[in-house]
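A look at the structure
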Amino acid sequence: VPVWVSDYFIRWIESFLSDSTPTLVWYYSRAVGEQLGKLGLPVHGQGSDAPTPGTSAAVSINVHGTGKNLQGWWRNLVVELPTQAKTWEQLIGRTHRPGQPHRWVEFHLPQHTEKSVGALDRGVESAHHVKELTGAEQRLLMMEM
């Protein structure tokens, strides 16, 4: 059972979304999904359809991180960061794909804890490894950080 010590990060997410730019908020855990729902975000977890373009939504990485056409959004906030290149490639590819009308897509990756910093470091390391082995460009490595 998750025990919330502070709601600091959830309040930061709420502030981030306050400019009303339609944003996909990517998460892994049910506990974070529930907190995002309390902010009034539609939560798209297990058994749910893809969100409706033009609005912000919380989307599960496990459920919507592969195979979905989400180019109706250009701004993404990843609040629980993956550590594997394959997951990053798929996740970024949901909005960075053919048919994206915006000139670019944004991925905001909060680095507010050692766990978040470490997850991003492992993801970048994994992406470098995949690129070295396969020669395939990795979207995570194209990002300006």
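Residues numbered from 1 in each chain as written. Predicted model: local features only at pLDDT ≥ 70, side-chain atom pairs only at ≥ 80, totals over all residues. Heavy atoms only, no water.

**Some remarks on the pattern of salt bridges**
If you walk through the whole model with that rule in mind, you get four salt bridges. For Arg139, the salt bridge identified is with Glu89, shortest N-O distance 3.0 Å. In this pair, Arg139 sits in helix 6 (residues 139–142) while Glu89 sits in helix 4 (residues 85–93), placing the two residues 50 residues apart along the sequence. On the basis of relative accessibility, which here comes to 18%, the residue Glu89 falls in the buried class. With its nearest N and O atoms 3.4 Å apart, the salt bridge here joins Glu137 to Lys131. A relative accessible area of 46% places Glu137 in the partly exposed class. (Salt bridge = Lys/Arg side-chain N within 4 Å of Asp/Glu carboxyl O. Helix = DSSP H or I, 4+ residues; strand = E, 2+ residues; numbered from the N terminus. Buried < 20%, exposed > 50% of the residue type's maximum accessible area, 1.4 Å probe, protein only.)

**Here we look at the environment of Val32**
One can find Val32 in helix 2 (residues 30–38). Overall, the relative accessible area of 11% leaves Val32 in the buried class. Along the sequence, Val32 and Glu80 sit 48 residues apart, while their C-alpha atoms lie 8.7 Å from each other. Not counting residues up to four positions away in its chain, the partners in contact with Val32 are Trp4, Tyr27, Val79 and Glu80. (Contact = heavy atoms within 4.5 Å.)

**Observations concerning the sheet that holds strand 5 (residues 106–108)**
Strand pairing in a sheet is mediated by backbone hydrogen bonds. Such pairs are either parallel or antiparallel. With parallel pairing, the five strands of this open sheet are ordered in space as 2-3-1-4-5. Two strands in the sheet have a free side with no partner beyond their single neighbour: strand 2 (43–44) and strand 5. Contacts from helix 2 reach strand 1 (23–27), strand 2 and strand 3 (57–60) within the one sheet, and its direction differs from that of strand 1 by about 150°. (Pairing = 2+ DSSP bridges. Axes fitted to C-alpha atoms, helices over the stretch in contact; angles between N-to-C directions.)

**Remarks on helix 4**
Within helix 4 the residues assigned to the buried category are Ala85, Trp88, Glu89, Leu91, Ile92 and Gly93. Buried positions along helix 4 lie against strand 1, helix 3 (61–64), strand 4 (75–78), strand 5, helix 5 (114–134) and helix 6.

**Observations regarding the pairing of strand 3**
With burial as the criterion, each face of strand 3 is covered, one bearing Ala57 and Val59 and the other bearing Ala58 and Ser60. Relative to strand 3, strand 1 runs parallel, the two sharing four bridges. By the bridge assignment, Trp26 is partnered in strand 3 with Val59. Relative to strand 3, strand 2 runs parallel, the two sharing two bridges. Across the sheet, Val43 pairs through a bridge with Ala58, a residue of strand 3.

**Concerning the packing of aromatic side chains**
What characterises a pair of aromatic rings is the spacing of the ring centres plus the angle enclosed by the ring planes. Per the stated rule, a full pass over the model turns up three aromatic pairs. Ring centres 5.8 Å apart and planes at 5° place the aromatic pair Phe9 and Trp12 in the stacked group. Of this pair, Phe9 and Trp12 both sit in helix 1 (residues 8–16), separated by three residues, roughly a single helical turn. Pairing Trp74 with Trp104 gives two aromatic rings, centres 6.5 Å apart and planes at 75°, and the pair type is edge-to-face. Taken together, the residues Trp74 in the loop between helix 3 and strand 4 and Trp104 in the loop between helix 4 and strand 5 connect sequence positions 30 residues apart. Overall, the relative accessible area of 44% leaves Trp104 in the partly exposed class. Here a set of aromatic residues connected by ring pairs shows up, and it is made of Phe9, Trp12 and Phe16. (Phe/Tyr/Trp six-rings, centres within 6.5 Å; stacked < 30°, edge-to-face > 60°.)

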